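Residue-level structure breakdown
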Amino acid sequence: MLSAKNLDVRYGQFRAVRGVSLEVKQGETIALIGANGAGKSTLLRAIAGALPIYSGELSFKHKVITHAASCDRVKQGLSLVPEGRRLFTEMTIEENLLLGKTINRAGDWDLDRVFDTFPNLVKRRHAKAGSLSGGEQQATAIGRALMSNPELLILDEVSLGLSPLVVDQVYASIEKLRDAGTTIILVEQALDRAIAFAKRAVCMLEGRIVLDKLTADTNRHEITEAYFGLQ
Ligand code: ATP
């Protein structure tokens, strides 16, 4: 579904992503892990079109999208929930969700299905996004992405800054999406949670992929070594 070949992403002279190649198949769930500064957000943002790709090639559903605008990527079914959620705080939950529909892709995600997936949002649907708890904001950000009927959902640090109980709730919802067959790439700092959620673990270190294995074929020790560059 997604094919990245030898991607480089730079900030000025600095190569934050270095020669990354990654193949993602339909229905896969991938946990992208790595220490702070490893390049995870940079890679995801470049895949979503929020940062330019300096060199290499990116294709989605067999179409080259290396330099496509981010809205064209959403139209093709690729949607990113960025770190920090980025909601319109003066708009209500419902209005934020409906923004996801601006790009009208065929599919069965609508307000009702988002509210079924995130039941906590229902009674707050007319509240301003700025007044919501962190968990409600995260659910709204994911719901907004789902409203565009993505085929590939990219989630950057969904649990950041949330209490453990709220993280459990957010994960219960994204597990439903995973079990329904949605293809998901997720950045997660909590290794155990990442391994439990995803079928595949991809670890980055200093801009490169240093481990790419099915979670069933690896273990916490091997992943931790890759994470710290100890292999
Ligand atoms: P984190 O978990 O801290 O978000 P990450 O793995 O997502 O880490 P990135 O945020 O992608 O890492 O950062 C990769 C590298 O690029 C880091 O060295 C970081 O300092 C650098 N970097 C990130 N954003 C910028 C920017 N806007 N300008 C310059 N350098 C940047």
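Residues numbered from 1 in each chain as written. Predicted model: local features only at pLDDT ≥ 70, side-chain atom pairs only at ≥ 80, totals over all residues. Heavy atoms only, no water.

1. Quick word on the site of the ligand
Among the 14 residues in the neighbourhood of the ligand, the closest are listed as Gly37, Gly39, Lys40, Ser41 and Thr42. Here Gly37 contributes a backbone N or O atom positioned 2.8 Å from an oxygen atom of the ligand. A distance of 2.4 Å is found between an oxygen atom of the ligand and a side-chain nitrogen or oxygen belonging to Thr42. Calculation on the ligand without its partners gives an accessible area of 620 Å², and the protein chains cover 60% of this total. (Near = heavy atom within 4 Å. Polar contact = N/O pair within 3.5 Å; in protein donor to acceptor, adjacent residues only side chain to side chain. Areas by Shrake-Rupley, 256 points an atom, 1.4 Å probe, with all protein chains shown as cover.)

2. Regarding the UniProt feature "domain: ABC transporter" (unreviewed entry) in the protein
UniProt feature "domain: ABC transporter" (unreviewed entry): in the numbering of this structure it lies at residues 2–231. Helix makes up 33% of residues 2–231 and strand 27%, and the two end C-alpha atoms of the span are 28 Å apart. (UniProt positions renumbered as here; feature names shortened; annotations may be inferred. Helix = DSSP H or I, 4+ residues; strand = E, 2+ residues; numbered from the N terminus.)

3. A closer look at the environment of Val167
As for its position among the elements, Val167 is in helix H6 (residues 164–179). Taking relative accessible area as the criterion, Val167 reaches 8% and is therefore assigned buried. Separated by 32 residues in sequence, Val167 and Gly135 place their C-alpha atoms 7.4 Å apart. Among residues more than four places away in sequence, those in contact with Val167 are Ser159, Leu162 and Arg193. (Buried < 20%, exposed > 50% of the residue type's maximum accessible area, 1.4 Å probe, protein only. Contact = heavy atoms within 4.5 Å.)

4. Section: helix H8 (residues 220–228)
Residues of H8 that are buried include every one of Ile223, Ala226 and Tyr227, and no others. Down the axis of H8, the buried side of the element spans an arc of 105°, and every buried residue falls inside it. Of the exposed residues in H8, the ones pointing more than 90 degrees away from its buried face are His221 and Phe228. Contacts made by the buried residues of H8 are with strand S3 (29–33), helix H7 (191–197), strand S9 (200–205) and strand S10 (208–214). Put simply, Asn219 is the residue that caps the front of H8, since its side-chain oxygen is 3.1 Å from the backbone nitrogen of His221. Phi turns positive one or two residues past the end of H8, at Gly229, with a value near 70°. (Arc of directions from axis to C-beta.)

5. Some remarks on the sheet that holds S9
Strand order in the open sheet made by the six strands is S6-S7-S8-S3-S9-S10, with mixed pairing throughout. Since the sheet does not close on itself, it has two edges, and those belong to strand S6 (78–81) and S10, each with one partner. The mean angle between the axes of side-by-side strands here comes to 15°, regardless of whether they run parallel or antiparallel. Here four bridges tie S3 to S9, and the two strands are oriented parallel to one another. Bridge assignment links Leu32 to a residue of S9, and that residue is Val202. Its contacts with the sheet put H6 on S3, strand S7 (152–156) and strand S8 (183–187), and the angle it makes with S8 is roughly 145°. (Pairing = 2+ DSSP bridges. Axes fitted to C-alpha atoms, helices over the stretch in contact; angles between N-to-C directions.)

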